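Fold and geometry: a report
The chain contents come next:
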Amino acid sequence: MRVLAVAGVFLPLSAAQSAVFTHIEGSADHATLESALNKVTAVKDALADANGPFTMVAPTDAAFTAALPELGIAAADAATLLDRADLGEILKYQVLSTTEKVNPLTAGDITTVQGMTATVTVSSDATPVTKVVGSNAAGVTISSSADVGTSGNEEHAVHVCTDRILLPKPVYQVASEATDLFSTLVAALDTAGLADVKTGLGLQNGGALHTVFAPTNDAFTAYLTARGIDSDALLADGELANIVKYHILAGKVMAADVTTGEQATLYGDAGKLSLVKDGSTVTVDGVTVGSEVLAGNGVIHQIPSVLMPNVVEVAKGSSDFSRLVEAVVAADLATTLTGAGPFTVFAPTNAAFDAYLTKVSKTMDELKADKDALAALLKYHVVPSEVMLADATTSTPASVEGSTLDLVKTGDDLTVNGVAVPAATANMQAGNGVVHVIGTVLEIPAGSTPTKNVVQTAADTADEFTHLVAALTKANLTATLEATDKKFTVFAPTDAAFVAAAAALGEDDVAGLLERADLAQILLYHVLGSETKAAAVTGSLSSMQGAPIEVTTSGEKTMVDGAEITQADIMATNGVVHVVSSVMLPPSLADVLGADADFSTLVEALEAAELTSTFAWANKGGAMHTVFAPTNAAFEALIAGDDTIADKDALLALDGLADILKYHVVSGKVMAAGLTDGEQATLHSTATLTVTDAGSAPKINGNAVATADMPAGNGVIHKIGAVLMPPPAPTMNLVEVAADKSLANLATALETAQLKAALEGAEKYTVFGPTDAAFAAAVTALGE
C-alpha cells in the first residue's frame, strides 16, 4: 500500500482492484482521481474487470483543480472536494460504458453508469477534437486515450482530460432545460426568496443531494386557477418559498427506494410529506408520482399537483406562532386541523397570546390545563371553509366551535370581531385551507360555550327527546356518550319519531321498542364517533353501529338515511346534536342478504319458507340472529349432488326447507371472534351445529367460513360455501335407546332406581351408559 498526498490530504490507497484502477494508480497525473476512487470504494469496486469492459473518462489532477471554481470551491479548500456527498455521482458519471470498449469515441449520446447521458462531439478538423459534454456546454476535451487490460488483453478504454471534470447536470439545470414541464417551478426558484434553495440544487452546493417532487406547469396552472391568481401574483407571494421547500427532501430518494412514512422537507420538521409505496406506485400526500428524472445531485419526481403544507404546518413554520402551536397540541387539535378541511384559521401571534394571558390573569400552563376550554377557544378561531382575503364578505360565519364570527369587509380591509386582518400577513396558503395572522386572541361570546355533554343536551331540550334519553339508558349507552375524552355526533330522533318507529317495527308502543334486543344497534346507527357539524354532513358517514349513513339533499333539506335534519348544530361539550325527523334503521339481515347477488337463492328460499320476516325489522322483540349463509354456488352443489332435488324449483318446494334454513341460524349476534369450538344450538328444533378451529379459521360442520362478520342492524352474516343439512330427528327416548343398544342391565337398573319415567320425558339429559359387561364387572368389584 502506498500513500499519496492530494490537496493536503493523505489517503491510503489499497491494492489495485482492476486494470482500470491499476492504470490510474500508475499515472503520476491522476493522484486526485485515485484518491477519489479510494474514498468512494463502491465505485472503485464496481470497476473490477469482471464487471466490464469499461470506457472511462479520467480527469487529471489539473482537471480537478480547474473544476474547483465551477463547484464553488476555493483553491485553499480543495480537500473538501473529496468530502462531497455527490462525489460518487461524479465518479460514476466518468464511466461511459460497462458493456464495451469504445476507442476512439464516436459522436452521439451515451448513457453513463450514473444513469444520465453525456454527449460526445467530434470536430471535423484535420486533427479531430473529441469532447464529452455534461453540465458545462464547453465539455471536457479528450487529450489522450489508451486501451488497458491485464495479461495482454486490453479490454478497457481510458480517455484522459486535463481541462475540467466531466460533471453531470444538477437538479436546477435539469429542471431549467425541461421548459415544457418545469418552467413555472424554475421561475419560482429564480425568485429572491428561494436563492438559497436554487443554490442548493446547483453545482455550488457543497455536494448536497436532494429529491424534488416537481409540480408540472399544468399543475401550477390548476393551482393558480383554484386560487384565482396569475403567475405574477404567485411569484410575488410571500408564501412561495415555503410552498416550494415543501416539495424538496434532503438526500436522493429514487422511486424504488421509497418507503411508506413521513419525510421531513426543506420546509422544516413541521412540514412533512406523507409517502406511500404500494407495489410500484408511489404517492406523496395522496398524489401519484409520475416520471423520474435523474440529476447529478439528486432526482426529480414529476407530480401533477402542487403540494401544500396543512394549516398546522404553516403555523409551525413561523416562530411567531409558537404559542398557538403549543396550544393546538395541548388541546389535541393537531389531528383535526391536519385533516382534509378546508379551514380558515385566524391565527393569533405570540404577542397576542401574551396579551390575552395577561388579560385573563393566567400562565400558559394554566391555560393548557383546561383542555376543553382551550379547545373551544382555538376552534373559535377556525371557520370550516376556505376564505381568502379577496373573497371575504361582511358576514357571520359559524366557527368550528359553533359560535359565529363577525366579519366586516370595508373596501379591501377585513376585520374579524373588530380585529384587523392585515393584508400583508393574510392568505398564508395551506393544502387544507388558509391562515390569516391577527394581533388579538378572539374571545368566545358569553353564553355560547356549551356546558353539557350530548346526553345532557338532549335531556335538557324541552320534552322533545324523553324517549331517546330513556332508550340510551335502557341500552346502556349513556356512559359511552357522556365520555369526556371523545367527540360524538348524535342524530337525535324526536319523541314523535320514536312513536312512529314503534309501530313500524311491529311493537305495541314505545315501551315495547325500548325492550327490543336490537335497540343498541338502532341507537348506535344514529351516532358518529367524531364531531361533525352540519356543513360537513355530506356523502357517506361511518356510524358507530358499523353501517354507513348515506346523506342526500332535497332542495334546502339535508336527509340522513331518509330522515330530515330539522335542527342542526346543537353544540355540546363532547360533540354536536342534530335533530332528525325519524328513527333511522341500519340495513337488516334481510336487507344485507337481498343486496348481495351471491345470496339470491337463499333469499328465494327464505321467502318460500316464509322466514323473511324473521330477519327483517318488523319483527316484534327485535331478536338478533347469526346467519351462516350459503352462497348460490352452495345451493347449486346441493342440487347437483342430491338425486331427490331435481332443480331449484324442487328445492324451494321441499317440505323440510324451513328446517334446513333454521339449521343455519343461531340466536344472538355472534361475531367470528366470539365463536367457540363445540356444539351450537340453532333455530332448528333439535339439530345443533359443530364449530371447529374457532380461534383461527372457523369451520361450521367442517365447512370454512368464506367471509366473516358481514354486519347488519339485527345480527351478523357469515358466508359459507355449503348448504348444511340437519341430521334426522331422533325417534327414541333415552330408555328406548338403552334397550335398542342391548344395554339390558342399564335398562333394568333405571327401572329399579325409578328413573325410567324421568328419562322417557321431554327434559334433555346426557347418559353415560355402561355395557352389560361393565355391570358384571361392577358386581364383582362391589362384592355382590
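Right, let's walk through the structure included here. (Residues numbered from 1 in each chain as written. Predicted model: local features only at pLDDT ≥ 70, side-chain atom pairs only at ≥ 80, totals over all residues. Heavy atoms only, no water.)

**A word on the overall build of the protein chain**
For the protein chain, the helix and strand inventory stands at 32 helices and 38 strands. For 784 residues, the compact-globule formula gives about 28 Å, and the C-alpha radius of gyration of the protein chain, at 39 Å, lies well above that figure. When the 784 residues of the protein chain are sorted by exposure, 46% land in the buried category. Put simply, 65% of the contacts in the protein chain that link residues at least 6 apart link residues at least 24 apart. Looking at the protein chain as shown, the accessible area adds up to about 35100 Å², and 53% of this sits on carbon and sulfur atoms. One way to put it: in the protein chain the 39 positive side-chain charges average out to a point 5 Å from where the 90 negative ones average out. (Helix = DSSP H or I, 4+ residues; strand = E, 2+ residues; numbered from the N terminus. Rg over C-alpha atoms; globule rule 2.2 N^0.38 Å. Buried < 20%, exposed > 50% of the residue type's maximum accessible area, 1.4 Å probe, protein only. Contact = heavy atoms within 4.5 Å. Areas by Shrake-Rupley, 256 points an atom, 1.4 Å probe, with all protein chains shown as cover. Lys, Arg positive; Asp, Glu negative; His and termini not counted. Charge placed at Lys NZ, Arg CZ, Asp CG, Glu CD.)

**Observations regarding unusual backbone geometry**
At the junction of Gly 52 and Pro 53, the peptide bond is cis and its omega measures out at 10° in the coordinates. The peptide bond linking Asn 103 to Pro 104 adopts the cis configuration, its omega dihedral lying at 10°. Take Pro 104: it is sitting in the loop between strand S4 (95-97) and strand S5 (108-111). Although it is not a glycine, Ser 361 adopts a positive phi angle of roughly 55°. Here Asp 569, not a glycine, exhibits a phi torsion of approximately 55°, which is positive. Note that Asp 569 resides in strand S30 (residues 563-572).

**Considerations on the side chain of Glu 89**
Structurally, the position occupied by Glu 89 is in helix H5 (residues 87-94). Looking at Glu 89, the relative accessible area reads 9%, which means it is buried. Discounting chain neighbours no more than four positions away, the residues touching Glu 89 are Gln 114, Pro 168, Leu 209, Lys 252, Ala 295 and Gly 296.

**Here we look at the nonpolar core**
By size, the foremost hydrophobic cluster in this structure holds 46 residues, and its most contacted members are Phe 213, Val 284, Leu 307, Leu 324 and Leu 378. In this structure, Val 102, Val 171, Leu 189 and Val 197 belong to the second largest nonpolar core, which totals 43 residues. (Core = buried A, V, L, I, M, F, W, Y, C linked by side-chain atoms within 4.5 Å.)

**Let's talk about the sheet that holds strand S10 (residues 210-215)**
Taken in spatial order, the 4 strands line up as S11-S10-S17-S16 in an open sheet, and their pairing is mixed. Each having just a single partner strand, strand S11 (248-250) and strand S16 (292-295) make up the two edges of the open sheet. With direction set aside, neighbouring strand axes in the sheet form an average angle of 15°. In terms of strand pairing, S10 meets strand S17 (residues 298-303) through 6 bridges, oriented parallel. (Pairing = 2+ DSSP bridges. Axes fitted to C-alpha atoms, helices over the stretch in contact; angles between N-to-C directions.)

**What to know about the pairing of strand S6 (residues 117-122)**
Relative to S6, S5 runs antiparallel, the two sharing 4 bridges. When the sheet's bridge partners are listed, Ile 110 is paired in S6 with Ala 118. The turn linking S5 back onto S6 is made up of 5 residues, and Gly 115 within it adopts a positive phi angle of 110°. Note: S6 against strand S7 (residues 130-133), 4 bridges, orientation antiparallel. When the bridges of S7 are listed, Thr 119 appears paired with Val 133.

**Some points on the side chain of Asn 205**
Topologically, Asn 205 is positioned in the loop between helix H8 (195-200) and S10. Within polar-contact distance, the side chain of Asn 205 engages the backbone oxygen of Gly 200 at 2.7 Å. Side-chain polar atoms of Asn 205 contact the backbone oxygen of Ala 208, separated by 2.9 Å. (Polar contact = N/O pair within 3.5 Å; in protein donor to acceptor, adjacent residues only side chain to side chain.)

**A short note on the sheet that holds strand S22 (residues 419-420)**
Pairing in this open sheet of 3 strands is antiparallel, and the strands run S20-S21-S22 from one edge to the other. Each end of this open sheet is capped by a strand with a single partner; those strands are strand S20 (407-410) and S22. Two strands pair when backbone bridges link them, and strand S21 (residues 413-416) and S22 are joined in this way by 2 bridges, in the antiparallel orientation. Paired with Thr 415 across the bridge in S22 is Ala 420.

**Here we look at the pattern of salt bridges**
Evaluation of the coordinates by the stated rule reveals 23 salt bridges. Between Arg 516 and Glu 507 there is a salt bridge, with the nearest N and O atoms lying 2.8 Å from each other. With respect to class, Arg 516 is no different from Glu 507; both count as buried. The network of salt bridges with common partners includes Glu 89, Lys 92 and Lys 252. (Salt bridge = Lys/Arg side-chain N within 4 Å of Asp/Glu carboxyl O.)

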